Amino acid sequence: MSTPPVVVWAFTDGKAGHENQTRGLLKALAQRFTLDTRWIRVPAYSSVLTSLMTRRFLPGAGLPPPTLLIGAGHRTHLPLLAARRAFGGRAVVLMKPTLPRVWFDLCVVPEHDGVSGANVAVTRGALNAVEPGAKRADTGLILVGGPSRHHGWAERELTAQVEAIVARSADVRWTLTTSRRTPPGTTARLQELKAANLNVVPVRDTAPGWLPEQLASATQAWVSEDSVSMVYEALTAGCATGILAVPARRASRITRGIELLVRDGLVTSYAQWQAGARLAAPTQPFNEAARVADRIAARWLNAA
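All of the points below concern the structure found in this document. (Residues numbered from 1 in each chain as written. Predicted model: local features only at pLDDT ≥ 70, side-chain atom pairs only at ≥ 80, totals over all residues. Heavy atoms only, no water.)

**Brief notes about the packing of helix α2 (residues 45-54) against helix α3 (residues 77-87)**
Short version of the rule: The axes used here are C-alpha line fits, helices contributing only the stretch in contact, and every angle between their N-to-C directions lies in the interval 0 to 180 degrees. Strands here mean DSSP runs of E at least two residues long; helices mean DSSP runs of H or I at least four residues long; both are numbered from the N terminus. Roughly parallel means an angle under 35 degrees; roughly antiparallel means over 145; roughly perpendicular covers 65 to 115; every other angle is labelled oblique. Note on convention: near helix rotated counterclockwise from far helix by under a right angle means a left-handed crossing. Clockwise means right-handed. Whether two residues are in contact is decided by their heavy atoms, any of which lying within 4.5 Å being enough.
The geometry of α2 relative to α3 is characterised by a closest axis approach of 9 Å and an angle of 30 degrees between their N-to-C directions. The orientation of α2 relative to α3 falls into the category roughly parallel. Two packed elements cross with a definite hand, and for α2 against α3 that hand is left-handed. For the pair formed by α2 and α3, the contact residues are Tyr45, Val48, Ser51 and Leu52 on the first element and Leu78, Pro79, Leu81, Ala82 and Arg85 on the second.

In structure tokens form, the structure reads like this:
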């Protein structure tokens, strides 16, 4: 007799970054169990309040009852609780929630948020769906972000770092891409760099799924310090990862997370590289989604 699939209700607020975290955990769970995943768009706030009061969650009508309810993003928190109240299951939130943590069955929280507890799984960064692939020794990536709430921008200094890296590693074929936050002037300056082993591909010229494919085959990657999610994606892909220096607006949980990675030798800062340090890939597989999936399996699924 076959084992029935694990029914998962995956909540989305429409934000690609949040959905990527959920997909990362779903992928890890699917490597362990057969899943029946149903995606639910976050309903209107008034509808969620009604659901909580009446124990009726209309988006779940007609769906198989969930074993797990998973969501990333603050707008998914109340719907998770409303759905659990109506249909049962275990509510898993992929961030530090704004609501009391004890209301959820599991909170998956990045280490830099400084949260702990019996129902907290502390991770190195946000989860992602990246996987390592067949590595090519002569292939490297340079991932450039842009100014953010936590970081300023220094276009000339960043370009000089890229030039130095490309010049010192003439045997590596570098592909550089930008992000939606990259200022147009920075993109133009990077495209003007003259190096036979550098190919600049602006983010506007990339297709969906392009970056995970590039990370899977790259042996090393340099990521600008502001692009925290891409730092963890590079590590998950098994790349030896360096950090391009970007000025911080202030000390924050985001900057603290990068400092912890440098301290623990998981990434190499540009200053360390200048002083002679070499980029090194993680000595153990870096897969936080798999680790969280193992915890969920041990607590709720292995005996099912």
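Having seen the structure, we can now continue with the description.
**A short note on the packing of aromatic side chains**
The description of an aromatic ring pair uses the distance of the two centres, along with the angle that the planes make with each other. We apply this condition: Stacked, tilted and edge-to-face pairs are distinguished by plane angle, under 30 degrees for stacked and over 60 for edge-to-face with tilted covering the rest, among Phe, Tyr and Trp rings (Trp via its six-membered ring) whose centres lie within 6.5 Å. When a residue's accessible area, from a 1.4 Å probe over protein chains only, is under 20% of the maximum for its type it is buried; when over 50% it is exposed; and in between it is partly exposed.
A full pass over the atoms with the stated rule returns six aromatic pairs. On the basis of an interplanar angle of 65 degrees and a centroid distance of 5.1 Å, the ring pair of Trp9 and Phe87 is categorised as edge-to-face. Of this pair, Trp9 sits in strand β1 (residues 6-12) while Phe87 sits in helix α3, placing them 78 residues apart in sequence. With a relative accessible area of 30%, Phe87 lands in the partly exposed category. Geometrically, the ring pair formed by Tyr270 and Trp273 is tilted, given 5.5 Å between the ring centres and 35 degrees between the ring planes. Note that Tyr270 and Trp273 are positioned in helix α9 (residues 270-274) at a spacing of three residues, about one turn of the helix. The burial state of Tyr270 is the same as that of Trp273; both residues are buried.

**Quick notes on the environment of Thr3**
Secondary-structure assignment places Thr3 in the segment before β1. Of the residues examined, Thr3 reaches a relative accessible area of 63% and is grouped as exposed.

**Thoughts on the pairing of strand β7 (residues 136-143)**
We count it as follows: In this description, strands pair whenever DSSP reports at least two bridges between them. When the strands point away from the viewer and the path from the first strand over the helix to the second turns clockwise, the crossover is right-handed.
The sheet contact formed by β7 and strand β10 (residues 218-224) spans five bridges and is parallel. Residue pairing for β10: Arg136 is matched across the bridge by Ala218. When β7 meets strand β8 (residues 173-177), the two strands line up parallel, connected through five bridges. Paired with Gly140 across the bridge in β8 is Trp174. For the segment spanning β7, helix α4 (residues 155-168) and β8, crossover handedness is right-handed.

**Description of α4**
Which entries qualify depends on this criterion: Multiplying 1.5 Å by the residue count of a helix minus one yields the expected span of that helix. Each C-beta atom gives one direction from the helix axis, and the arc is the one those directions make.
If you check α4, its first and last C-alpha atoms are 20 Å apart, about what 14 residues at 1.5 Å a residue would give, namely 20 Å. Every buried residue of α4 is listed here: Leu158, Thr159, Gln161, Val162, Ile165 and Val166. Viewed along the axis of α4, the buried residues span an arc of 155 degrees, placing them on a single side of the element. Away from the buried face of α4 by more than 90 degrees, exposed residues Arg156 and Ala167 are located.

**Side note on the packing of helix α1 (residues 16-30) against helix α10 (residues 288-301)**
Between α1 and α10, whose axes approach to 8 Å, the crossing angle comes to 60 degrees. Considering their axes alone, α1 and α10 lie oblique with respect to each other. Like other packed secondary-structure pairs, α1 and α10 cross with a definite hand, here right-handed. Across from Gly24, Leu25, Ala28 and Leu29 in α1, the residues of α10 making contact are Ala289, Ala290, Val292, Ala293, Ile296 and Leu301.

**Thoughts on the sheet that holds β8**
The six strands lie next to each other as β9-β8-β7-β10-β11-β12, forming an open sheet whose pairing is parallel. Edge positions in the sheet fall to β9 (198-201) and β12 (268-269), since each has one partner strand and no second.

**Things to note about helix α7 (residues 228-236)**
The α-helix winds at 3.6 residues per turn, so residues separated by three or four positions along the chain end up facing the same way. Counting buried residues in α7 gives eight out of nine residues, a clear majority hidden from the surface. Listed as buried for α7 are Val228, Met230, Val231, Tyr232, Glu233, Ala234, Leu235 and Thr236. Each element contacted by the buried residues of α7 is listed here: α1, β7, α6 (210-217), β10, β11 (240-244) and α8 (253-263). Looking one or two residues past α7, Gly238 carries a phi angle of roughly 85 degrees, positive in sign.

**A short note on unusual backbone geometry**
The phi angle at Arg55 is positive, at roughly 60 degrees, despite the residue not being glycine. For Arg55, the location among the structural elements is in the loop between α2 and β3 (68-71).

**A short note on the sheet that holds β1**
Strands sit in the order β2-β1-β3-β4-β5-β6 across an open sheet of six strands; the sheet is parallel. Unpaired on one side and paired on the other, β2 (35-41) and β6 (120-123) mark the two borders of the sheet. Strand-to-strand twist in this sheet, taken as the mean axis angle between neighbours without regard to direction, amounts to 20 degrees. Bridge analysis of β3 against strand β4 (residues 90-93) gives four bridges, and the strand direction is parallel. Within β4, the position partnered with Ile70 by the bridge is Val92.

Purely spatial values, then, with no claim about function.
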